[in-house]
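# Structure assessment
One letter stands for each residue in the lines below.
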Amino acid sequence: MHRWIPVHENIKVPVFKNIIYAIKILFKADKSMVISQVIAQCAYTVFTLFFQSVLFLKVLLNIIEGSCTFDYFVKVLLLFLAVGLVNEIISVACDYNLNVAQKKIFKGLNNMIFEKASQVDISCYEDPAFYDSYQRATEILTGGYFLAFGFDFAYVIASVISFCLVVGVVVSIDPMYLLFLAPVLLLFITEVVRSKIVYKRDLSMTSNNRAKAYTQRTVFLKDYSKDMRTSNIFSVVLRRFNNAVKDNIGIIKKYGFKLFFFSMISSLFGEFIPIVGTYAFASYQFINDKGLDISGFSVVLSSINSVRESTTTIADSFAELSSMALYFQNLRDFFEYDSKITSGSKEPGEFESLEFKNVSFKYPSADKNSITDLSLKIEKGQTVALVGINGAGKTTFVKLLLRFYDVTEGEILYNGINIKEYDVQKLRQRFATVFQDYKTFALSVNENVICRECTDEDKQNAEIALKQSGAWDKIQSLPQGADTVLTREFDENGAGLSGGEAQKTAVARMFARDFDIAVLDEPSSALDPVAEYKMYENLIKATKDKTVIYISHRLSSAVLSDNIFVLDDGRLVQSGGHGELMKTDGEYSRMFKLQASSYGRKEQAYEE
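What this report covers is the structure whose coordinates are included nearby. It should be emphasised that the depicted structure is a prediction, and the values quoted were computed from it without experimental measurement.

## Brief notes about the pairing of strand β10 (residues 571-576)
Pairing of strand β9 (residues 563-568) with β10 involves five bridges; the strand directions are antiparallel. Within β10, the residue paired with Ile 564 across the bridge is Gly 576.

In structure tokens:
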């Protein structure tokens, strides 16, 4: 199973396999881009380097030497003009198609990357190697590599065709010229090696580039602006940026000599030996009257110039093509990631019971368990509270329940069956969740609540849900009511919400859903006591006959619960009703009394 792993400079990447993969992935996004580039480039290169520079010159020199008639020349000229006109038509048509196709490719590849990113395990977002891999995958688009790959592939194909045609003309004059053109074949090997060095160099800079991007992003985000202006944190962030640039300079220097060496080798095989050798041999034949007349000599020199241009284009394009193909390895790694959370095939039925049996869990990078030997059971229709101080394991409980992670030991049973046997997406649909780190999106309020593009009926449902969560009074005061876009990032008529109103909007998502079990992870953390009480009152009404799980370190929800599970350091230390637990001198009683006294002090402060 493929997993995110940090890359290093000794990584081996198959160039030619990736060229094929890149072509396949581009064809999947849109076939016409690569095809139009190849047709346009072949037409242009064959016309300029073969018809214009070699064939037409050959006919012209034959006329000068008197070996063909003027009528023949006129026919060739008309043919030449016709071929030039066709080349121009092809060029214009392909340019138009390319402008359209590259937008389709950009959209197609972005959709593929976004879809894959939405499917990877939640654990990936806590792994720096994943972010490196994700950044390298998106660089295919942001760096324009897909467009460059198409151009380079077209240049290579077109240049190889023109190279073969021109070499055919030269060889027809004297096969000995092949000896001087043969080193061109070594050019491909040299460029493959050079492109791998470039790839390793750029790969080594991925983490530094991500650090640079982080600085560039945070400096312009509203969320960080206040802290940056009221502390010295900007200097720390800037230092990280400068260190990343400094490290990149060191990496560039490290690979500099190798790249210079292979560039010189490429020039030797691609230009110096072929050009100097053929020029010298042609001059020898012409001066010593070895069967090469003025016409043949001129054609050879012109052909060799075309060979030089073709060779240079092949060398440069193949080098870039190889480099682009190596970058497509990043995209390939990203797409071929196999989720560690494998879905079962069973359909989860209507909820009856949920049970944690001897469950232990440790995060991949952690030194100790976040949950240890946890056993508890929740029956249909119960309202339960999972309480404890921060770090007790409450949010980890939710992540395991929704299969964002799988347990390290033990099992979780839904209706008596291990949750791993159920279809993971359908299992999650049985739960309505409000997360502690809730988010509102730069979409309308209605879309934030319903989580899709809304019909008139959806908007009515959203209004009911917003009223139940306590957010409606604020929402209807916005410029466009529930159609107002949250944040002004994309809409000048948009609006921002306070932390409490944003949390109420997030809670409204739960009210708008049909669900078996409601899971509320710190649903009132941003609310004042009065708003918290009203929200819980509405929750009790809306979730009548439903199963509700409150996750909180604030105990106002626990008083309303049928059963309370108290966690401490990932272990279940108490369970029972509010009255029962208050009679014991345990963790719950201590927490409740402490919070009650805190509320009392606040009320006294308000009265004063």
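## Considerations on the nonpolar core
With 44 residues, the main nonpolar core has Ile 25, Leu 26, Met 33, Leu 109, Phe 146, Phe 149 and Phe 328 as its most contacted residues. For this core, the elements supplying multiple residues, two or more each, are α1 (15-29), α2 (32-64), α3 (70-117), α4 (128-142), α5 (145-173) and α11 (294-335). Per-element accounting of this core gives the leading share, nine residues, to α11. When sequence neighbours within four positions are dropped, the list of residues in contact with Leu 26 reads Lys 31, Met 33, Val 34, Ile 105, Leu 109, Phe 146, Phe 149 and Phe 328. Val 387, Val 445, Phe 511 and Phe 515 belong to the second-largest nonpolar core, a separate cluster that totals 39 residues.

## Things to note about the pattern of salt bridges
Counted according to the given criterion, the structure contains 12 salt bridges. Glu 421 is paired through a salt bridge with Lys 346; the nearest N and O atoms lie 2.9 Å apart. In this pair, Glu 421 is assigned in the loop between β5 (417-418) and α13 (424-429) and Lys 346 in the loop between α11 and β1 (353-361), connecting sequence segments 75 residues apart. What makes Glu 421 partly exposed here is its relative accessible area of 36%. Taking relative accessible area as the criterion, Lys 346 reaches 37% and is therefore assigned partly exposed. Here Arg 403 and Asp 406 are joined by a salt bridge, their closest N and O atoms 2.8 Å apart.

## Things to note about the side chain of Gln 574
Of note, Gln 574 is situated in strand β10. Side chain to side chain, Gln 574 and Thr 584 meet in a polar contact 3.2 Å long. Residues within four places of Gln 574 in sequence aside, it is in contact with Ile 564, Phe 565, Val 566, Leu 581, Thr 584, Gly 586, Glu 587 and Tyr 588.

## Overview of the sheet that holds strand β3 (residues 383-387)
Spatially, β6-β7-β8-β3-β9-β10 is the arrangement adopted by the six strands of the open sheet, whose pairing is mixed. Because the sheet does not close on itself, it has two edges, and the strands there are β6 (431-434) and β10. Across the sheet, the mean angle separating the axes of adjacent strands is 15° when strand polarity is ignored. Both strand β7 (residues 517-521) and strand β8 (residues 547-552) contribute to a ladder of five bridges, which runs parallel.

## Looking at the sheet that holds β1
The strand order across the open sheet formed by four strands is β2-β1-β4-β5, and the pairing between neighbours is antiparallel. Here the strands that pair on one side only, and so sit at the sheet edges, are β2 (371-379) and β5. The sheet contact formed by strand β4 (residues 409-414) and β5 spans two bridges and is antiparallel. What sits directly across from Tyr 414, in β5, is Ile 417. Contacts from helix α12 (residues 394-401) reach β1, β2 and β4 within the one sheet, and its direction differs from that of β1 by about 115°.

## Brief notes about the state of the cysteines
If you walk through the whole model with that rule in mind, you get zero disulfides. Summary of cysteine pairing: Cys 454 is not part of a disulfide, and the nearest cysteine sulfur, belonging to Cys 451, is at 8.8 Å. For Cys 454, a relative accessible area of 21% gives the class partly exposed.

## Observations regarding the packing of aromatic side chains
With the rule as written, the count across this model stands at 12 aromatic pairs. Geometrically, the ring pair formed by Phe 149 and Phe 153 is stacked, given 6.3 Å between the ring centres and 10° between the ring planes. Highlighted residues: Phe 149 and Phe 153, both in helix α5, separated by four residues, approximately one helical turn. By the burial criterion, Phe 149 is buried, and Phe 153 matches it. Note on Phe 361 and Tyr 363: the rings are 4.8 Å apart at their centroids and 80° apart in plane angle, and the pair reads as edge-to-face. A residue is classified by how much of its surface remains accessible, and Phe 361, at 3% relative accessible area, is buried. Put simply, the rings of Phe 351, Tyr 414, Tyr 422 and Phe 431 pair up and form one aromatic cluster.

## Points about a nonpolar patch on the surface
Where nonpolar side chains cluster on the molecular surface, the patch consists of Val 219, Phe 220, Ile 233, Phe 234, Val 236 and Leu 238 and spans about 530 Å² of accessible area. Element by element, the count of residues in the nonpolar patch is highest for helix α10 (residues 233-287), at four residues. With respect to the helices and strands, Phe 220 occurs in the loop between α8 (206-219) and α9 (222-229). What makes Phe 220 exposed here is its relative accessible area of 72%.

Calculation criteria
Residues numbered from 1 in each chain as written. Predicted model: local features only at pLDDT ≥ 70, side-chain atom pairs only at ≥ 80, totals over all residues. Heavy atoms only, no water. Pairing = 2+ DSSP bridges. Helix = DSSP H or I, 4+ residues; strand = E, 2+ residues; numbered from the N terminus. Core = buried A, V, L, I, M, F, W, Y, C linked by side-chain atoms within 4.5 Å. Buried < 20%, exposed > 50% of the residue type's maximum accessible area, 1.4 Å probe, protein only. Contact = heavy atoms within 4.5 Å. Salt bridge = Lys/Arg side-chain N within 4 Å of Asp/Glu carboxyl O. Polar contact = N/O pair within 3.5 Å; in protein donor to acceptor, adjacent residues only side chain to side chain. Axes fitted to C-alpha atoms, helices over the stretch in contact; angles between N-to-C directions. Disulfide = S-S within 2.5 Å. Phe/Tyr/Trp six-rings, centres within 6.5 Å; stacked < 30°, edge-to-face > 60°. Patch = residues over 30% accessible without salt bridge, like charges linked within 9 Å, V, L, I, M, F, W, Y side chains within 5 Å. Areas by Shrake-Rupley, 256 points an atom, 1.4 Å probe, with all protein chains shown as cover.

In short, shape yes, function no, at least from these values alone.
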